[in-house]
Amino acid sequence: MNSERTRLAALYGGLLVMAGVLLLAIVYLLVSEGVYAGIVTAVAPAVPTARLDAGSVPAPALPSSEWAQTAVIEPGQYAVAQKVSTAAGDAALSQLLTVSGVSLAVYSALSVALAWWMAGRVLRPVGVITARARRLSGSNLHERIALKAPPGELKELADTFDGMLDRIQQLVAARQRFAANAAHELRTPLAVQRAAAEIGLADDPPPEKVAWIRDKLIDTADNSERLIEGLLLLAVSDEGLRRRERVALDETVTTVTEALAAEAAERDITVEVAARPVTVEGDAVLLDHLVHNLVANALRHNHPGGTVTVRVGPDGLEVANTGPRVDPATVPLLFEPFRRARARRHAPGEGAGLGLSIVASVARAHGGDVAARANPGGGLTARVTLPTRLPAARAPVTAAAAAQWR
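On a predicted model such as this, the values are computed, not experimentally measured, just so you know.

Cut-off values and rules
Residues numbered from 1 in each chain as written. Predicted model: local features only at pLDDT ≥ 70, side-chain atom pairs only at ≥ 80, totals over all residues. Heavy atoms only, no water. Pairing = 2+ DSSP bridges. Helix = DSSP H or I, 4+ residues; strand = E, 2+ residues; numbered from the N terminus. Axes fitted to C-alpha atoms, helices over the stretch in contact; angles between N-to-C directions. Contact = heavy atoms within 4.5 Å. Patch = residues over 30% accessible without salt bridge, like charges linked within 9 Å, V, L, I, M, F, W, Y side chains within 5 Å. Areas by Shrake-Rupley, 256 points an atom, 1.4 Å probe, with all protein chains shown as cover. Salt bridge = Lys/Arg side-chain N within 4 Å of Asp/Glu carboxyl O. Buried < 20%, exposed > 50% of the residue type's maximum accessible area, 1.4 Å probe, protein only. Core = buried A, V, L, I, M, F, W, Y, C linked by side-chain atoms within 4.5 Å.

S.K.: I tried to follow the sheet that holds strand E7 (residues 380-385) on my own but got confused; where do I start?
M.R.: Either a parallel or an antiparallel arrangement is found when strands of a sheet pair, and the pairing is made through backbone hydrogen bonds. In spatial order, the strands read E2-E4-E5-E7-E6; together these five strands make up an open sheet with mixed pairing. The sheet is open, and its two borders are formed by strand E2 (270-275) and strand E6 (369-374), each paired with just one other strand. Each strand of the sheet is rotated relative to its neighbour by a mean of 10°, with strand direction disregarded. In the sheet, strand E5 (residues 316-321) pairs with E7 via four bridges, with the strands oriented antiparallel. Along E7, the bridge assignment pairs Glu318 with Arg383. Contacts from helix H6 (residues 249-259) reach E2, strand E4 (307-313) and E5 within the one sheet, and its direction differs from that of E4 by about 160°. Seen against the sheet, helix H8 (residues 284-300) touches E2, E4, E5 and E7 and runs at an angle of roughly 15° to E5.

S.K.: I'm lost on a nonpolar patch on the surface in this one. Help?
M.R.: Residues Leu11, Leu15 and Met18 make up a contiguous nonpolar surface patch of roughly 320 Å² in combined accessible area. Following the sequence through the fold, Leu15 ends up in helix H1 (residues 2-43). A relative accessible area of 49% places Leu15 in the partly exposed class.

S.K.: What is the right way to read the nonpolar core from this model?
M.R.: Of all hydrophobic cores here, the largest spans 40 residues; its most connected members are Leu290, Val291, Leu294, Leu317 and Val384. If you list the elements that add at least two residues to this core, you get H6, H8, E4, E5, helix H9 (355-365) and E7. Here this core takes nine residues from H8, the largest share from any one element. Apart from residues lying up to four places away in sequence, Leu294 is in contact with Leu317, Val319, Leu356, Val359, Ala382 and Val384. Core analysis: the next-biggest nonpolar cluster, separate from the first, contains six residues, Ile145, Leu147, Phe161 and Leu165 among them.

Here it is, written out as structure tokens:
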């Protein structure tokens, strides 16, 4: 801060001193050009002709000859005027130089002081930003600069810094919630396993109870494994793509829906697929997880006899389902980790609330976006938009599916 202020003060002060020196030089040149002629013009008429000495030593020539060509005086008067004007002009210029030097010294000191003050005023917002940045920590991210200044570059810088702090605060809060929720989700199956082992296996239980406890422990272990796999997948997708390849998104949708057909039949849910050929650049494994999480989420948050509609085409991937009504105000929160539209039921295959958050993370990694809306009759419609590349020659999955997409 001080070094920048010193540089600015030196720059401003130097420019002001240079301007003062240039101004004094111009004044001196202009005065020296006309001072002798002006003195001769004023002195010569007042010199008596009778007192002139024609044989006296000639005086130095005048710096300018224009006056001699225009003025009409006696020759003797001209010689005396030369001597007087030369002495008076030298004295006047010497006095001018003395006064100018003193004035320049005072002006230079004032210029440096003014430049130092101006540099401090200009850099004051930068000092405020620096001090605030040094004080920031996880406990006071709510503080803002809120610089009160006229519109300008520094005001824009302070506002930009405040906006960055807003984003950092939101990110830190989200990470803190994520860590707390992850710890809770991981602690729950451990508590269930511990209780099953300590209580269920106490006092030499019968074989039937041991078998039930074994199934319970295996189911809890499966849930923990899915949770850890989801956390790892979320971390991998947040890091971005390490490799890209051409992926037929419509084929991925077909494969995923076929793999989930048994679960859909078990839940008595009809799955309708309308797919047009579309290719995207990305990671095939992550895109498979994106589609799987969307369709699985639509199946598990549904009711018997409901439907799941999957559409894919150049406009993106859309998955809609029937089911309980969803509050529109809570829809954006569903893309945060461990957020659910309803309370957790601990149903088999329910997952850990990472489905839509993984979808959002994978979409961001591919340069896309995801949005959702609550359906008026119940359920949710999620749409993922990805940068697509249409293939040159690949037929639609079915003619009916293509017509339904249109």
